[in-house]
Amino acid sequence: MNNFRKSFVWGTLFITLLFLSTMRAKESSRPLITPNPKEMSFGSQTVEIKDCLHISSIGNDYGFLHNLTQIYDSIFFKNQNSGFGSSCSNNLLLEVKNSFVMMPAGFNPKDQSYKLEVMSNGNIHIEAQYQVGVLRAMDSLAQILDHSNGKTVIPHVPLEISDEPRYGYIGLLLDISRNYYPMETLKTIINGMRMSKVNVLHLHLTDDDSFPIDLPSFPGMVKHTALSPEEVYTVKDIHEIISYANQNGVKVIPEFDIPGHTRSIGDDPSFSHLMTCLNRISKWQMPDGTRIKGGPSGGVLNPTLEETYDFVDKVINDLRKIFSSSDFVHLGGDEVNTNACWVLDEKIGQWMQENEFANGNELFAYFQQKVGTLAKESGVRTAHWVYQNNWDLKWDEGSVLQYWGDSQYIPKFQETYPDHQHILSVHELFYFDCGLGNRYGVDLCNPYQTWARIKMFEPTDYYSPDSDQLLGGEGAMWSELNTAHNVFNKIWPRLGVISSIFWSGKVEKPFKWGDIVEELVSYRDYLKANGVEANQVTSRYCEANPHKVFDAWDSEDFESIEYLFA
Amino acid sequence: MKPCLVKILALLCLIFIAEISGEFKLQDPPPRTPYRSDNPKGPILAPVPRNMTFAKDDFEFQECNIKYHHDPILLEIIEIYNDVTYGKGHKERCSGTRRESLKVTINFAKLSSEYLPPKFNPEYEHYTLSADSHGNVNISAEYYPGVVRALDTLSQLIIQKTDENTEMFEMKYLPINITDYPEYGYRGVMIDTARDYFFPDTLKMAIDGMMLGRNNAFHWHFSEDDSIPMSSTSFPDLVNYTAFSKNEIYTVQDVKDIVRYAKIRGVKVIPEFEGPSHLHILGFYPEFEGLVGCFRNYTSTSGRHGGPPYAPVNPADERTYNFFTKYFSDLKDAFESDYWHLGGDEVSIGCVSVLKSTSKFLSEHNLQLNNLQDYYIGRERKVLHGFRPDVRAGYWWRGSNNKYGEGDILQYWGGGGSVKRAMDSHPTNYFIYSPSGTYYLDCGYVNQYFGGSWCGGIHSWRDIYNIDPRTLHNPDKKEFFMGGELPLWSEMNNEFNMPLKLFPRGGALSFRYWNPEVNLNEAQLMEMMVKYQNRLKMYDIPSSRVTNRYCEEHLHNCFGN
C-alpha cells in the first residue's frame, strides 16, 4: 500500500545500518551497557560465535527457551547462516532458580537479578532468580556484540557481570486515550522497554479524549467513546498485549483516571448523566495575554450519584479480571476542578449543603473513600497521581502515590504522605512531551528535557537507600501530539537514561562526559539496529568523536554547563 | 513500486531485507478516513485564496473519470495531483461504469517561463479557477507554477463522500470562483544536509511536503564543518575525505533528479555552498593542506567544547578560488541555478590571520584583514558571473557594516535588531526573513552538547503563523522583501525525525505569506492546519500533529467559534 513510505522506512533502516558500520568501526575499550551493571569485570579477548549457539537449561523450561530464541535470534545473529540451534560449538547454559516463572508479584529488585559469564572459549553461563533475569542478561550481552561483516563476535572476554536494579519499579507511562496506537506499535514499544530494562508498562487507558477499551460490562460503549470505530482495544487485544509484555519481562498496569479526565464517558448517551461540566469549553490564555475560546472541554464524574459508583465499580472489576496479574489498578485522581464542576454546580452544591460538605476537597475525599472501599472489597490495590498544587487531598489507605510535581517539592510530598509507597515521575525531568508544545501550538512545560539533565537526578537525595517506600520511577509519554510514528523519537533514548537512574544510580565522580555520551550512543544504536527508532544523542560529528567533544568539561561542572547552554 | 533505495544500495538492500528481521517497520496509521469537518459553513482551504466566491450547489462524481483538457507538458503534475486527491494507488481501485465526471480545462500561457525566477515574483503563481454546478472546471495561469497551485486548490475542493460504500466524490459550494496569488513570492525551507546526511528519496519526500504546503524554495545547505556530501567531477576523491561515509554522498545525477523533481512540483532548488567559514572538513583533503584556518586547534575558536570549530578556508589564498571555480562549474548545470546562496556566516578572521600565506597575499593585493571577506565575496561573485552573468548571489546577513553587491539576496536571521533597519542600510538588496527566534526549526530540540537552546524553545506552527510579514518592512520597500524561509539545521536531526520537524510548520509559514490579510477565527485556523496535516498524511509524509487527535475532529468542541 505505502510504497513511498516503505522506501522511506527502508531508508531509515539503511541509515541505521550504514551508520552503525561507521560507528562500530571504532572499538570501544570497555563493554558499553545501559543501564550500567552493578558489578562487571572483563578481559580483552574476543570470541566469535561461528556456527550457532546452543541454549540449554537446567530447568528444562522449553516454553521459555522458545521465547528466548524468538526474541533474540535476530538480535544476536545478523546473517542467515547462524542462529540458535543444537550441536553448536558454543553453548549458553541457563540456571534459573524459579525456572517456570517469568517474574513474581511485587517489585522486589532482586527478582530481576542475574549473573552473566562469558568464558574465553565462547561458552556462556547465566544464573537468575526468575526468567526475567535471563532477559536482562541477554540484553546486556546483546548490547556489546560486534556484528561487523555480519559476524557475531563477543568482545571483552572473559566477561563477568553480576547485576540487579536498585529499584524494582522502572516504568513507562503510555497514554493510549489521546492517541490510538496500533497493536504492532505497542509491541515495538515493549521491545524497546525490554532493551532498556524497563519492567512496567503503565497504560493510561482513558481520558477526556477517548475511552478505547471495550469492557465486558459496557458492551457497545466504545462505539461512542473511541476515537473511531476502528480505534478500539478489545479484551482479546489487551490479553495479547499483556502476554507479549510478560514474555518480554514487562508488567502491565491499567489506569482508569477518575473523577476528572473522563469527558469521553459522556459521549455515550447512557452515561452522560454521570458527568458534570460535560463538553464545557472554557477560555485558554495565550502567551500574549489574549484569551481564546479553546480551553479543554470538560467532563467530571458526579460524586453525589450512587450510579457513578456502580459505574466505577464495574470498570474496576473488569480491569481486575482483564489485568489479573497487575499489582494495582491506577485510578488517576488528577486535575479535578472541584470548584467549577462540583461546588458551583447547582444540584451538587445543594447536595453538599444538605450533607454538610464544606468544600471541594471534602467532597473529593468522600469520593476517594468510597472508591477506595469498592476497590478494597474487590481485592484491588489502588494508585493515584499527586501534584504539588493541593496537599490537602486524602487518598485511600495502602494506595501507591505517583508524584508528578517538581522535584523541589519531593520533601513536601514525603512529609504529606509518609504512609504510602511512592513512584516518582517528576514532570520537569521525566515527562517526554515537555518542551514540544501543546494542542494550541503554545509552550508546554518547557524546556525539552535532555539526557544530561535527567542523568543528574538521584532518588537517594530524597529517599534513604534502606527504605522501601520508593518503589521506583517512571517516564511519562502523554499523547496529545503523538502519532504511531513520532512516539518513538520522544521516548528514546531518554527512557534509557531514566532506567539508568533507577537501575544503577548516579555515576561516581569524577567521570568523563565522553564516556557517558559513548554509552548512550551505543545504547541508541542497539535500539535502532533492532527496530526501535530513537532520537539523536548529539550530532553525527560529536557522536563519532565523544571524547574529543565532551571530555573538556569535568564532572563537577554541571552547573556551569547548564549556564553555558541554557 | 519505488526502488528500494538509491541504486548503489540495491544490492545491500536485498541482503538486508533477507537478513534483518527486527527492522523498524513504520506502523500503518489508523484506517484512512476522509477528514471530518464539523464546520459546514464554507470551504476551508490551505492557504485561504485571496479572492473566492461560492454558493450552495453540490456536484457528485466517481473518481478516475476526470476529463482533462490540457497541454501535454502538464501530464506529470496532473498525475501527481490525482494521487494527492484520490490517494496513491487510486487507479488500481477504479472499476465499473461511470456516470458523472468532472471536466477540467487548463489554460496555460507561457511554456518557456515555467520555472520560478530568482526574484520569485508573485505573478508566477497567479491563477484563476472556476467550477460550475455541472462539474466544469476552468483553470487559467500565465506561468507553470500557477497551474501547480491551481491543481493544489482543486485537490482540496474535491471531497470523498463518507456515506457511500462505492468511492464517490463531490465538490461542494458550487459555483466557485477563485482568483489567487501569493502576497509574497518567496516561501522557503532550508535543509542542512551536511551535519547529517539525507538520502535523495527523503529529500524528495520533503519536496512533496513543500508542494502541499506551497513552500516554493528548497534551500539546500550542503557544506559544513561536519561534512560535505556533494561530490565533484573535478575533485573525484574529495567526498572520500569530506562525506560521513562513501554511501552518504550526492552525485551530479542525484542533484539533477532532485532539481527536476522539485521543479515539476513548483519548487525551486537553491544551492548553498557555505564559505569561507564552516568548512573545517575541507582541511582533511590533502590538496588543501594548510588552507583551512583553525583546522587543528579545536578549542581556540569555540570555547571549551571540542565540537567542529567554525573553521574557514583562507580567502587570502588563490587555491580557494581555484577550488570554487572548478567545484561550482561541476554543479552549475545540475542545479540549473540562477541563484546561488554562498553562506558567509560566522567567519572567524582570527583563524585566517595565523595562516602562513595570508600576510603575503594581503600585501600583494593591498588588502587589510578586516576587508578580506568583502574581497572574498567579490571574487566569488566573479566566479558565478563567469558561468552566467544574470546569476544572483545570496548571503546570510552579517550586520550593516558589510558590503554586498547590488541585487544580492540577504537572508536576515538575527534575533535582535530589525530587518527594517537592515533594509534601510542596504537599499539595493533583496531580503529573505529567517529570524532564529521564530523560524529556526531546530530550536528547542536542544543542542549537540548537554541541552539547552540558544534560540529559545520550540517555535510552534502557531508562533510561525502569528508573524504578519506586512509588519516587517516599510510598505514602499515591499519589492525588496521577497518573503520568509524556515531553516532546519541538522545537528540533532536524522532521517526519521527530519520530516517531523519540517511539517506542519512549513505550511504555517507559507499560508501566512501567501495570504497575510485573512482573519481566521480559532476553529478556522485549526481546521486549515489540520486539513493540511491530513493531506500530508494521506500522501505518506510524516508530520507532527497540529493539535490532539480528538480536537482535530471536534474543532467546535475544543476551540469554540
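Residues numbered from 1 in each chain as written. Chains lettered and ligands numbered in written order. Predicted model: local features only at pLDDT ≥ 70, side-chain atom pairs only at ≥ 80, totals over all residues. Heavy atoms only, no water.

Under an unreviewed UniProt entry, chain B has the name beta-N-acetylhexosaminidase and belongs to Euplotes crassus. Quoted verbatim from the Sequence similarities (unreviewed entry) field of the UniProt record, the comment on chain B reads "Belongs to the glycosyl hydrolase 20 family." Regarding chain B, the UniProt comment filed under Catalytic activity (unreviewed entry) reads as follows: "Hydrolysis of terminal non-reducing N-acetyl-D-hexosamine residues in N-acetyl-beta-D-hexosaminides." (UniProt positions renumbered as here; feature names shortened; annotations may be inferred.)

Looking at an unreviewed UniProt entry, one finds chain A named Beta-hexosaminidase and attributed to Euplotes crassus. Recorded in UniProt for chain A, the comment headed Catalytic activity (unreviewed entry) runs: "Hydrolysis of terminal non-reducing N-acetyl-D-hexosamine residues in N-acetyl-beta-D-hexosaminides." In its Sequence similarities (unreviewed entry) section, the UniProt record describing chain A reads: "Belongs to the glycosyl hydrolase 20 family."

A. Representation of the packing of aromatic side chains within the structure. Residues and elements named next belong to chain A. Scanning the entire structure with this criterion turns up 90 aromatic pairs over all chains. Aromatic side chains Tyr309 and Tyr366 sit 6.4 Å apart centroid to centroid with 85 degrees between the ring planes, which places their arrangement in the edge-to-face category. Placement of Tyr309 in helix H7 (residues 306–322) and of Tyr366 in helix H10 (residues 360–377) is noted, with a sequence separation of 57 residues between them. The class for Tyr309 is buried, based on a relative accessible area of 3%. (Phe/Tyr/Trp six-rings, centres within 6.5 Å; stacked < 30°, edge-to-face > 60°. Helix = DSSP H or I, 4+ residues; strand = E, 2+ residues; numbered from the N terminus. Buried < 20%, exposed > 50% of the residue type's maximum accessible area, 1.4 Å probe, protein only.)

B. The arrangement of the environment of Asp318(A) in detail. Residue and element names in this part refer to chain A. Of note, Asp318 is situated in helix H7. The buried category is assigned to Asp318, whose relative accessible area is 5%. Taking C-alpha positions, Asp318 is 19 Å from Asp175, a pair spaced 143 residues apart along the chain. Apart from the residues lying within four places of it in its own chain, the contact partners of Asp318 are Leu215, Pro216, Ser217 and Phe218. (Contact = heavy atoms within 4.5 Å.)

C. Seen up close, the confidence of the model for chain B. All names here are of chain B. Looking at chain B, the pLDDT average stands at 86 and 87% of residues meet or exceed 70. Below a pLDDT of 50 lies the segment residues 1–34, which in the model reaches 66 contacts outside its immediate sequence neighbourhood of four places, other chains included. Confidence drops under a pLDDT of 50 for residues 299–304, and excluding neighbours within four residues, the segment shows 13 contacts in the predicted structure. Taken together, the chains of this predicted complex give a pTM of 0.93 and an interface ipTM of 0.91. (pLDDT = per-residue confidence, 0-100.)

D. Broad picture of the pattern of salt bridges. Residue and element names in this part refer to chain A. Per the stated rule, a full pass over the model turns up 54 salt bridges over all chains. Across the pair Glu480 and Arg178 runs a salt bridge whose closest N-O atoms are separated by 3.2 Å. Placement of Glu480 in the loop between strand E19 (470–477) and helix H14 (487–491) and of Arg178 in the loop between strand E8 (169–175) and helix H4 (183–195) is noted, with a sequence separation of 302 residues between them. The class for Glu480 is partly exposed, based on a relative accessible area of 22%. On the accessibility criterion, Arg178 (7% relative accessible area) is buried. With a closest N to O distance of 2.8 Å, Lys370 and Glu306 form a salt bridge. In this pair, Lys370 sits in helix H10 while Glu306 sits in helix H7, placing the two residues 64 residues apart along the sequence. Because the salt bridges share partners, they merge into one network encompassing Asp175, Arg178, Asp207, Asp209 and Glu480. (Salt bridge = Lys/Arg side-chain N within 4 Å of Asp/Glu carboxyl O.)

E. Looking closely at the sheet that holds strand E7 (residues 158–160) of chain B. Residues and elements named next belong to chain B. Across the sheet, 3 strands lie side by side as E2-E8-E7; this open sheet has antiparallel pairing. The open sheet has two edge strands, strand E2 (57–62) and E7, and neither has a second partner. Taken over all neighbouring pairs, the strand axes of this sheet differ in orientation by 30 degrees on average, direction set aside. Sheet topology note: the E2/strand E8 (residues 168–174) ladder contains 5 bridges and is antiparallel. (Pairing = 2+ DSSP bridges. Axes fitted to C-alpha atoms, helices over the stretch in contact; angles between N-to-C directions.)

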